[in-house]
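# Tertiary structure, described
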Amino acid sequence: MAVAAPEVAESRGPSSRARGGSGGPRYPGWLALPAVFWYLLFFLGPLGIMASYSFGEISGFSDVKFAWNLENYRYLFDGPLYTDVFKKTLVMATFGTLATLVIGFPFAYYLARHAKHKTLLLLLVIVPFWTSFLIRTYSFLIILDPEFPVSRALRPLGFPEKFELLYTQKAIYIGVVYNYLPLMVLPLYAALERMDWSLVDAAQDLGDSGLRAFRRITLPLVIPGVLAGSLLVFIPLTGEFLIPEILGGGKTLFAGNLIAQQFLEARDWPFGSAIAMVVVGSLTVALLIYARAVGRQEQYG
Amino acid sequence: MGRRLLGAHAVLVYAFLYAPIVVVVALAFNGGRQVLYWEGFSTRWFGEALRDDTITEPLRTSVIIGLGNAVIACLLGTMLALALARMRAWVRVPIDALAYMTLVTPEIVFGISALIFFVQAGLWVGVESPLGIWTILIAHVVFNASVVALIVRARFVGMGQALEEAAYDLGSGPLSTFRQVTLPRLAPAILAGGLLAFTFSFDDFITSFFVSGAGTTTLPLRIFSSLRFGISPAINATAAMILGLTLLAIVVAYVVLRRSDDGRQGTVIVHQV
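Here the structure is a predicted model, which is why all the values come from computation and not from measurement.

### Concerning the overall build of chain A
- Counting its regular elements, chain A contains 12 helices and two strands.
- Start at the N end of chain A and walk to the C end: the helices and strands fall as α-β-β-α-α-α-α-α-α-α-α-α-α-α.
- Put simply, 71% of the contacts in chain A that link residues at least 6 apart link residues at least 24 apart.

### Quick word on the overall build of chain B
- Scanning chain B from terminus to terminus reveals 12 helices and zero strands.
- Counting from the amino terminus, chain B carries its helices and strands in the arrangement α-α-α-α-α-α-α-α-α-α-α-α.
- Evaluated residue by residue, chain B yields a buried proportion of 51% over its 273 residues.
- Contacts in chain B between residues far apart in sequence, at least 24 positions, make up 77% of those at least 6 positions apart.

### A few points about the environment of B:T54
All names here are of chain B.
- For T54, the location among the structural elements is in helix α3 (residues 53-85).
- Residue class for T54 comes out exposed when judged on the 12 C-beta atoms lying within 10 Å of it.
- Placed 56 residues apart in sequence, T54 and F110 show a C-alpha to C-alpha distance of 28 Å.

### Re the nonpolar core
- If you look at the biggest cluster of nonpolar residues, it comprises 161 residues, and the most contacted ones within it are A:A35, A:Y189, A:I275, B:L80, B:I112 and B:A145.
- A total of 16 residues in this core trace back to one element, the largest contributor, which is helix α7 (residues 169-193) of chain A.
- What A:Y189 contacts, discounting residues up to four positions off in sequence, is A:A108, A:L111, A:A112 and A:L122.

### A look at the environment of A:K87
- Tracing the backbone through its elements, the reader meets A:K87 in helix α3 (residues 80-113).
- Put simply, A:K87 and A:A255 are 168 residues apart on the chain and 9.2 Å apart in space, counted from C-alpha to C-alpha.

### Quick notes on helix α1 (residues 33-53) of chain A
All names here are of chain A.
- The end-to-end C-alpha distance of α1, which contains 21 residues, comes to 28 Å, matching closely the 30 Å that a straight helix rising 1.5 Å per residue would cover.
- For α1, the principal kink sits at L40 and spans about 35 degrees.
- Where α1 is concerned, the buried positions are A35, V36, W38, Y39, F42, F43, P46, L47, M50 and Y53.

### Some thoughts on the interface of chain A and chain B
- Facing the 86 residues of chain A at the interface are 95 residues of chain B.
- Among the elements that line the side of chain A that touches chain B, the one with the most residues is α1(A), at 14 residues.
- Each residue belonging to the side of chain A that touches chain B can be placed in one class, and the counts come to 63 nonpolar, 18 polar and five charged.

### Looking at the packing of α3(B) against helix α10 (residues 219-227) of chain B
Residue and element names in this part refer to chain B.
- At a closest axis distance of 7 Å, the pairing of α3 and α10 adopts a crossing angle of 145 degrees. Counted together, T54, I55, P58, L59 and S62 of α3 and L219, L221 and R222 of α10 form the full contact between these two elements.
- In terms of residue class, the contact of α3 with α10 is made up of five nonpolar, two polar and one charged.

### Concerning the domain arrangement of chain B
- When the domains of chain B are assigned, the result is domain 1 (1-42) and domain 2 (55-272).
- The class makeup of the residues in the side of domain 1 of chain B that touches domain 2 of chain B is six nonpolar, one polar and one charged.

Here is what the cut-offs are and how they apply
- Residues numbered from 1 in each chain as written.
- Chains lettered and ligands numbered in written order.
- Predicted model: local features only at pLDDT ≥ 70, side-chain atom pairs only at ≥ 80, totals over all residues.
- Helix = DSSP H or I, 4+ residues; strand = E, 2+ residues; numbered from the N terminus.
- Contact = placed C-beta atoms within 7 Å.
- Buried ≥ 20, exposed ≤ 12 C-beta atoms within 10 Å, placed from the backbone.
- Core = buried A, V, L, I, M, F, W, Y, C linked by C-beta atoms within 7 Å.
- Expected span 1.5 Å × (residues − 1).
- Bend = angle between axes of the 7 residues up to and from the residue.
- Nonpolar A, V, L, I, M, F, W, Y, C, P; charged D, E, K, R; others polar.
- Axes fitted to C-alpha atoms, helices over the stretch in contact; angles between N-to-C directions.
- Domains from an automatic or database assignment.

Shown next as structure tokens:
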């Protein structure tokens, strides 16, 4: 449930910089303590324990012995069994990112440039996104069923009577695109909304073709939005677990399913922790690349 | 691309976004026993769902967790937002990073690490099975405190300090300035943050899935486990009620924020969360 765009922190406006002087109240720093305590104890602490588990080993039925060895990681990258899962996860996350970009970009472009009632339309994108992920996903069990009433009604028009979509890779991909589309649209819209369209008009007046104006003016200005959206989609997708579980019938394993399996069925927590660490590690790398890319954008953009 | 074409694409995208919601809600009113075959309009499944203990009990659990989570998240998040607003960068940046981490970490990673932590902590203090309603509540507060902090802080920074400065100049102390000037102005943001925190907790599946233990079931967990036996009209009715409740909470949150600030804040929340 990643909900935040990464570029949120600094708020604008002159008032935020107006410190010192007579000033209003300055709230004491200790007010942050309860939340920081909560984060440290229930978030960072658990992540640390998970990290140390990943170097441990299982003893007896499900007890964990801290061993400080790399056995779990070696096992993970030993042979195609698990590396295939990572490859498949990577393919799925990349597909999800590209597909939401292809569908989301023209949509965000339309909202930002042509639509009236922008705020309302944007809200209409977010509202489903904030309602139950689980319900919206299981609804596709109904929609993709060959006996779905709409599909049955379309049969006289040549709609196939039988088709195998449910519990296949395709069903998972449909669910992925559906659930992650808003995460791509929001940052794209935020970037496009800041555009000065008169620049595009001017370029076209001065003889640029529409496509050329788009490439030379619009595109460079929205790249930060594209990067942010890609990150917002890609990161949670690497750990996606529910969509394959429901729409794939639990047959298709991605990294997220593998982690869940180790914790709930195999009861090999150290191994499950190692998989989670690999996911977190790759995400950190992706984030660092992103940070560099954005930094470069700001330098030259 | 032509403007018309873009418009048509947008319509299709909206249809795509709303189709699953419409389908579940519409089929919840199906009078028949079979989900996929329409047998006339009826509200009977809502009644059946509300008479089913295996649905109402998880509903109660979810509401209790959601409310407790919202209250704690509002307290922690608001205090955090106020403290961060004027903190020195070297303290603020790491705390900020921590808060964002709670929002961007894949939920499954957080879920399993919380599970390990609670079981391990249970071993240390000698509680055999620590998992249950409390562990779900504690885990939900982690990311919801960040959600509230985000919204309250945007409001706090955006509204400026002119009124607070005026109150100071007129001799009001820090506490009474907070109570009489700042808090009322922040109230809409806190309320909206609380409503969203409730929604996110009420809808949460993955975190609850890992830290709930054997004896505790929230409503999303109940729905998930019933999917194994196929979707029933009663489950659709339950889902429709959940959707109704969360949609209501979201709309109220939006309206509260929008009215409090001529709509500017409403767009802020749209952009930020």
